[in-house]
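Observations on the three-dimensional arrangement
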Amino acid sequence: MRKLVEAARHEVADLVDALAKNVVFCASATEANNLALNLDWQRPGKPSLRRMAVSSVEHASVTNGAHPQNTDIALLPVDGQGVLDLGALDALLNEWRENGETGLVSVMLANNETGVVQPVGEIAARVHANGGLFHCDAAQAVGKIPCSINEIDADLLTISSHKLGGPLGAGALVLGSDSLHQPNALIRGGGQEKGLRAGTENVPALAGFGVAARAAARDLATYAEKSLALRSMLEAALRETSPDMVLFGEGATRLPNTLNFAEPGMAAETTLIALDLEGISVSSGSACSSGKVKVSHVLTAMGVAPALAGCALRVSLGRETTVQEIEFFVTAWKRLRKNLHERRHRAA
Ligand code: PLP
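On a predicted model such as this, the values are computed, not experimentally measured, just so you know. (Residues numbered from 1 in each chain as written. Predicted model: local features only at pLDDT ≥ 70, side-chain atom pairs only at ≥ 80, totals over all residues. Heavy atoms only, no water.)

1. Observations regarding the site of the ligand
What counts, and what does not: Whether a residue is near a molecule or strand depends on its heavy atoms: it is near if one of them lies within 4 Å of it. By the criterion applied in these results, polar contacts are pairs of N or O atoms within 3.5 Å in which, for protein atoms, one can donate a hydrogen and the other can accept it, and in which residues neighboring in sequence qualify only through two side-chain atoms. The numbering of helices and of strands both runs from the N terminus, where a helix is a DSSP run of H or I of at least 4 residues and a strand a run of E of at least 2. The nonpolar class holds Ala, Val, Leu, Ile, Met, Phe, Trp, Tyr, Cys and Pro. Asp, Glu, Lys and Arg form the charged class, and all remaining residues, Gly among them, are polar.
The environment of the ligand is formed by 14 residues, the closest being Ala 29, Thr 30, Asp 137, Gln 140 and His 162. A distance of 3.1 Å separates an oxygen atom of the ligand from a polar side-chain atom of Ser 160. In the environment of the ligand, an oxygen atom lies 3.1 Å from a nitrogen or oxygen atom belonging to the side chain of Lys 163. The leading source of residues in the shell around the ligand is helix H2 (residues 29-36), at 3 residues. Per-class residue counts for the shell around the ligand are 3 nonpolar, 9 polar and 2 charged.

Next comes the structure, spelled out in structure tokens:
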């Protein structure tokens, strides 16, 4: 059992260019983010962390996962493309410096809704110049684009197993250095996972995580090339069909498999159901909770008007997606538009 877990630890470490001893296994990326977002990290010779800032487009497990004692979390803005505003980060770091303080900054590698990739290397350099600690939630990006904890120079990096093709029930918080110490365990009990996440490890899930990490590292280049070709094909076909289409984050570097678009007037609530009836699963840019449709916080942070955000559809291409499936999607989309326009015409 131990051998399986340790083999997986090496595979996961290799995928992100880390040392196996610095991989803390958890049950999900959500757990890893909750473990990371704690101001009590101890760093020999470095100042205590007093402040915390996260980008305004983070996953809820970062935004809500912050240390319970830390109520004062700064939200860093993004520009219209969804890219972090480095000027705003500089201003905040200056403010911390003027108060003789530093803190923990958390910015994701790639956004789960738009696929927009953040300039995390530049962010880490700025945070470190300020004496701070940098956490990067790479759950959505690892296995899709190259991700090296050393190149980014992240102190903490979050990974999810199922996001890179592995089983559910596994994730990891990877430390950039073994001199980092966290006195507060995520789950208290035995000494597993450096005492940070007690409980007998989920060996089958972790073994699968390791296998998926090895496969992702091996297939990274071909995966990126294939996904990008399919995504470009889909974008071109949608653009031709829907000239008014807005492609969110179009001007930014994006994950090769993610596309988030809206055609004004085509409400996601309706198109999602119609596509589902065709056997096509996409997500809307809005989250439905407690019966209320909530506009995406990511699109809102990018300055997208609520009416347009309500039309946003998020398409994620899988590792097995084919050209035929893209063509199927485009045909279904054309039929949907035609039906909608005809219905509107009859109603007018
Ligand atoms: N972070 C990001 C960017 C995600 O996209 C997700 C899941 O969608 C998570 C964290 C949470 O991952 P998990 O489902 O492993 O808890």
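2. Concerning the pairing of strand E6 (residues 156-160)
Cut-off, in case you're wondering: Classification of residues uses two cut-offs on accessible area relative to the type maximum, computed with a 1.4 Å probe and protein chains only: under 20% is buried, over 50% is exposed, and between them is partly exposed. Strand pairing is defined by DSSP finding a minimum of two bridges between the two strands.
For E6, the tally of buried residues reaches 5 of 5 residues, placing the bulk of the element in the interior. Of the two faces of E6, the one carrying Leu 156, Thr 158 and Ser 160 and the one carrying Leu 157 and Ile 159 are both buried. Pairing analysis gives 3 bridges linking strand E5 (residues 133-137) to E6, with the strands arranged parallel. Its bridge partner being in E6, Cys 136 is matched across the sheet by Leu 157.

3. Comments concerning the domain arrangement of the protein chain
Quick note on the threshold: What marks off one domain from the next here is an automatic or database domain assignment. Here a residue-residue contact requires only that any non-hydrogen atoms of the pair lie within 4.5 Å. Two parts placed together each lose some accessible area; with a 1.4 Å probe, that loss summed over both constitutes the buried area. Definition used for salt bridges: Asp or Glu carboxyl oxygen within 4 Å of a side-chain nitrogen of Lys or Arg.
Under the domain assignment used here, the protein chain contains domain 1 (2-214) and domain 2 (221-347). In this complex, domain 1 contributes 23 residues to the contact, which on the side of domain 2 involves 23 residues. Buried area between domain 1 and domain 2, summed over both chains or domains, comes out near 1,700 Å², and the portion from carbon and sulfur atoms is 58%. Ranking the residues of domain 1 by area buried against domain 2 places Glu 113, Thr 114 and Lys 144 at the top, with a combined share of 38%. Along the contact surface separating domain 1 from domain 2 lie 0 salt bridges. Between the two partners, domain 1 and domain 2, sit 8 residue pairs in polar contact (both at pLDDT 80 or more). Looking at the side of domain 1 that touches domain 2 residue by residue, the class counts come to 9 nonpolar, 10 polar and 4 charged.

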